[in-house]
Amino acid sequence: MIRTRFAPSPTGHLHLGSARVALFCWLVAMSEKGEFWLRIEDTDPERSQEIFTQSIIESLNWLGLDFKGPIYQSKRLEYYQKTVQTFLSKGLAYKCYCSRERLQALREQQTARKEKPRYDGHCRELAASKTPSQGSYVIRFKTPLDGTVQFEDLIHGLLSVNNAELDDLIIAREGGFPTYNFAAVLDDLDMKITQVIRGDDHLTNTFRQVHIFKALGAPLPTYVHIPMILGKDGGRLSKRHGATSILEYRQAGYLPDALLNYLARLGWAHGDQEVFTRQELIEFFDIHKVQKSAATFNPEKLLWINQQHLKNTDPKILSKHLLWHFSQMGIDSKNGPPLEDVLLAQRERGKTLQEVADKSRYFYQDLVTYDSKAASLHLTANRLPAFKTLFTLLSDLSHWEESILHKTLLEAASTSALTLGELAGPLRVAMTGDTVSPPIGTTLSVIGKARVLLRLEKAILFLEEKHLAS
Ligand code: GLU
């Protein structure tokens, strides 16, 4: 069975790049009816924070990337430490007592000689000579001194490096906490991970991990290193290119399926199709076809894809997300029309759900306040007779339906010798407080009879006062 894992370190929020890794892991697992696991790599107590673990989980849940787990590395320390002991007793690793000062001096000398900074094996030799040492120590893995190490990557092909390029990796820090490269291998093995999919910033780590797999006598998983996402300026995607955290995108009104669609299309294509449902992604996604070069983030395209999803997604699904936005905005969604009705009327009027939510406040308010410019332009005293006629006609309606409302508006307009537009403009301000809304019949129908009459009453009073003042 295919088993993939997403293994974030909880040192920050889930951002676009890592969400794309998680998505690819999830898609590979889902398309093969396999398992997708979440592993929290929290063995660095100084950098890991629980709030980030929670934020990553919240992001994955919102994206709908269902996972098994999570498995917390911090709860498995004993297991790693036991293996470290085995490595020591088998002579695969050694204790390194080198002080920070020695390592710092070594680094400086190497840099001055224009060499790549690397550990010089000082304690490896001491360990071999069985010279007793004292003080605090780390554990280093004995990297083979010559030969090469290689692995086959699904995207990059066969990769290899001379062992002479790699120094002796620290596998356990002072105090016994394992390092990433060591714990990751033990877990990938223990969790029976079949495809290790991660960012290609880990390529050099993989050589080291291959050594550990070999030391354990275990077969390698399939490796897939996916390219980075870059900003338009060619730099690694970061804050200066705009929002990067997934939860910021939620806040800004992006839909999870739109984000997934966009992230999947970054560096991968299926013919010329741009808009994919989640199900289509599972069906068509092919990890072998992910391109080798870095992908460039294009916020305009993401916005366009979001708009397509907003237009095409089942309003039932959208309403769950709209509800979230309303609660963030302090709008009581029970105090107004069903969310699905609002969505059907409004979803083509914004590129994000946040925009739609913001433009839909007036559906949930008892009375609206008029924008002063809109009121002075449209709510003029000469509309008073038409508003009064309309009030009577609307009060008498027993069916509150768009087509009937439309007819009623025509009738009220013609009775007052107005065009529909001459009535609809002021009426829109009376209903919404401003000049933008869906077609007036739709607007009235969604606002509902009781509120329409209340708002009309308020507008009539407003116009009467204006009339008296004039
Ligand atoms: N904790 C590593 C990271 O967040 C995981 C890399 C891997 O998938 O092995 O980059």
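To be clear, the structure that these remarks concern was listed above.
Please read these numbers as outputs of a predicted model, since none were measured by experiment.

Draft legend 1. Expanded view of the overall build of the chain. Looking only at helices and strands, the chain has 20 helices and 12 strands in total. Expected size for 470 residues packed as a compact globule is a radius of gyration near 23 Å; at 32 Å, the chain overshoots this value by more than 25%. Seen through its C-alpha atoms, the chain measures out along the principal axes to roughly 105 × 45 × 40 Å. Counting over 470 residues, the chain shows a buried share of 50%. Pairs at least 24 residues apart make up 76% of the contacts formed inside the chain by residues separated by at least 6 positions. Considering the chain, the positive charge centre built from 57 side chains and the negative charge centre built from 54 side chains are found 4 Å apart.

Draft legend 2. Local environment of the site of the ligand. Neighbouring the ligand are Arg5, Ala7, Pro8, Ser9, Glu41, Tyr180, Arg198 and His202. Side-chain polar atom of Arg5 to an oxygen atom of the ligand: 2.7 Å apart, as the coordinates give it. Between the ligand and Tyr180, the relevant distance is 2.6 Å, taken from an oxygen atom to a side-chain nitrogen or oxygen of the residue. If the ligand stood free it would expose 300 Å²; the protein chains cover 81% of that surface. Here the residues of the shell around the ligand sort into 3 nonpolar, 2 polar and 3 charged.

Draft legend 3. Focus on the sheet that holds strand E5 (residues 138–141). Spatial ordering of the open sheet is given by E4-E5-E8, a layout of 3 strands whose pairing is antiparallel. On the outer flanks of this sheet lie strand E4 (93–96) and strand E8 (170–172), each paired with one strand and no other. Neighbour-to-neighbour, the strand axes of the sheet open up by a mean angle of 45 degrees, direction not taken into account. Where E5 and E8 come together, 2 bridges link them in antiparallel fashion. Residue pairing across strands places Arg140 opposite Ile170, the latter belonging to E8.

Draft legend 4. Expanded view of unusual backbone geometry. Geometrically, the link from Gly69 to Pro70 is a cis peptide bond, its omega value of 5 degrees lying close to zero. Locating Pro70 in the fold gives a position in strand E3 (residues 68–72). Of note, the phi angle at Lys192 is positive, near 55 degrees, even though the residue is not glycine. Counting through the fold element by element, Lys192 comes out in the loop between helix H6 (180–190) and strand E9 (195–199). Here Lys192 falls in the exposed class, since its relative accessible area comes to 59%.

Rules and cut-offs
Residues numbered from 1 in each chain as written. Predicted model: local features only at pLDDT ≥ 70, side-chain atom pairs only at ≥ 80, totals over all residues. Heavy atoms only, no water. Helix = DSSP H or I, 4+ residues; strand = E, 2+ residues; numbered from the N terminus. Rg over C-alpha atoms; globule rule 2.2 N^0.38 Å. Buried < 20%, exposed > 50% of the residue type's maximum accessible area, 1.4 Å probe, protein only. Contact = heavy atoms within 4.5 Å. Lys, Arg positive; Asp, Glu negative; His and termini not counted. Charge placed at Lys NZ, Arg CZ, Asp CG, Glu CD. Near = heavy atom within 4 Å. Polar contact = N/O pair within 3.5 Å; in protein donor to acceptor, adjacent residues only side chain to side chain. Areas by Shrake-Rupley, 256 points an atom, 1.4 Å probe, with all protein chains shown as cover. Nonpolar A, V, L, I, M, F, W, Y, C, P; charged D, E, K, R; others polar. Pairing = 2+ DSSP bridges. Axes fitted to C-alpha atoms, helices over the stretch in contact; angles between N-to-C directions.

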